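Here is what each chain is made of, one letter per residue.
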Amino acid sequence: MEHARDLWNNWRGDLNRQFVKPARNMQQAIKNCPKGIKQPDWEWLVKEHFYSKDFIDRSKRNSKNRSNLKILHHSGSKPYRQIIWDNGGKENNPPTLDKLFSLTHMKDGTFVDSETSTKHAEIEVERLLNPTLSNCPVIIAAPFSTCPVLINRPAVISAPSSKYPIFINNPIVISNEGGCNT
């Protein structure tokens, strides 16, 4: 169901960008019906969704919040956990925090502005000055582990049965009912 929800949300976002935003008002948006969508369905979507007070308020708030961001990532829609996984996490050798920052904030091999480059240098210096700061750990979870494992800091967890790695940000205990066999 989650996949269907994501497809629906992405499709609606595409419709908004291509057919609603270019229109100057609701009547023009209604007339700008995409091929493959019945006019009554499009009219409902425009009136009840894209021009609803809730949608307009949320859109304005999110636009304002995005305009306040000073350092933007350039990794697209790929989650950080996947970037960690693809860059050594699956071999239990995740990238350092400064490497992760550079992977997610560079475009065509260079930082997009001096502020981003400065922030990367600060992260790099902090990592060198404080070697106790570790990388984001990658934990390979056995499918039938009987030992409880406490994870009390951010971690990327890989379970053999899962397609994607899972990012854990809050302390959790992974356990089976049987207790520890050691």
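You'll find the structure just up there.
Because the structure is predicted, anything quoted here is derived from the model rather than measured.

Novice: Quick question: what am I supposed to make of helix α1 (residues 2-20) here?
Specialist: Given 3.6 residues per helical turn, the α-helix brings residues three or four places apart onto the same face. For α1, built from 19 residues, the straight-helix expectation of 27 Å at 1.5 Å per residue is met to within 8% by its first-to-last C-alpha distance of 25 Å. Listed as buried for α1 are Arg12, Leu15, Asn16, Phe19 and Val20. All buried residues of α1 fall inside an arc of 110 degrees around its axis, so they share one side. Within α1, the exposed residues directed more than 90 degrees away from the buried face are Glu2, His3, Asn10, Arg17 and Gln18. The inward-facing, buried residues of α1 abut α2 (26-31), α3 (39-50) and α4 (53-68).

Novice: Could you clarify how one ought to interpret the pattern of salt bridges in this entry?
Specialist: Opposite charge on two side chains lets them pair, provided their charged atoms get close. Taken as a whole, this structure holds eight salt bridges when the rule is applied. In this structure, the salt-bridge partner of Asp86 is Lys78, at a minimum N-O distance of 3.1 Å. Looking at Asp86, the relative accessible area reads 33%, which means it is partly exposed.

Novice: Is there a simple way to think about the packing of α1 against α3 in this case?
Specialist: Each pair of packed helices can be described by the angle between their axes along with the distance between the axes. Between α1 and α3, the shortest axis-to-axis distance is 12 Å and the interhelical angle comes to 95 degrees. Classed by the angle they form, the pair α1 and α3 counts as roughly perpendicular. Along its contact with α1, which presents Trp8, Arg12, Leu15, Asn16, Phe19 and Val20, the element α3 presents Trp42, Leu45, Val46, His49 and Phe50. Of the residues contributing to the contact of α1 with α3, the split by class is eight nonpolar, two polar and one charged.

Calculation rules
- Residues numbered from 1 in each chain as written.
- Predicted model: local features only at pLDDT ≥ 70, side-chain atom pairs only at ≥ 80, totals over all residues.
- Heavy atoms only, no water.
- Helix = DSSP H or I, 4+ residues; strand = E, 2+ residues; numbered from the N terminus.
- Expected span 1.5 Å × (residues − 1).
- Buried < 20%, exposed > 50% of the residue type's maximum accessible area, 1.4 Å probe, protein only.
- Arc of directions from axis to C-beta.
- Contact = heavy atoms within 4.5 Å.
- Salt bridge = Lys/Arg side-chain N within 4 Å of Asp/Glu carboxyl O.
- Axes fitted to C-alpha atoms, helices over the stretch in contact; angles between N-to-C directions.
- Parallel < 35°, antiparallel > 145°, perpendicular 65-115°, else oblique.
- Nonpolar A, V, L, I, M, F, W, Y, C, P; charged D, E, K, R; others polar.

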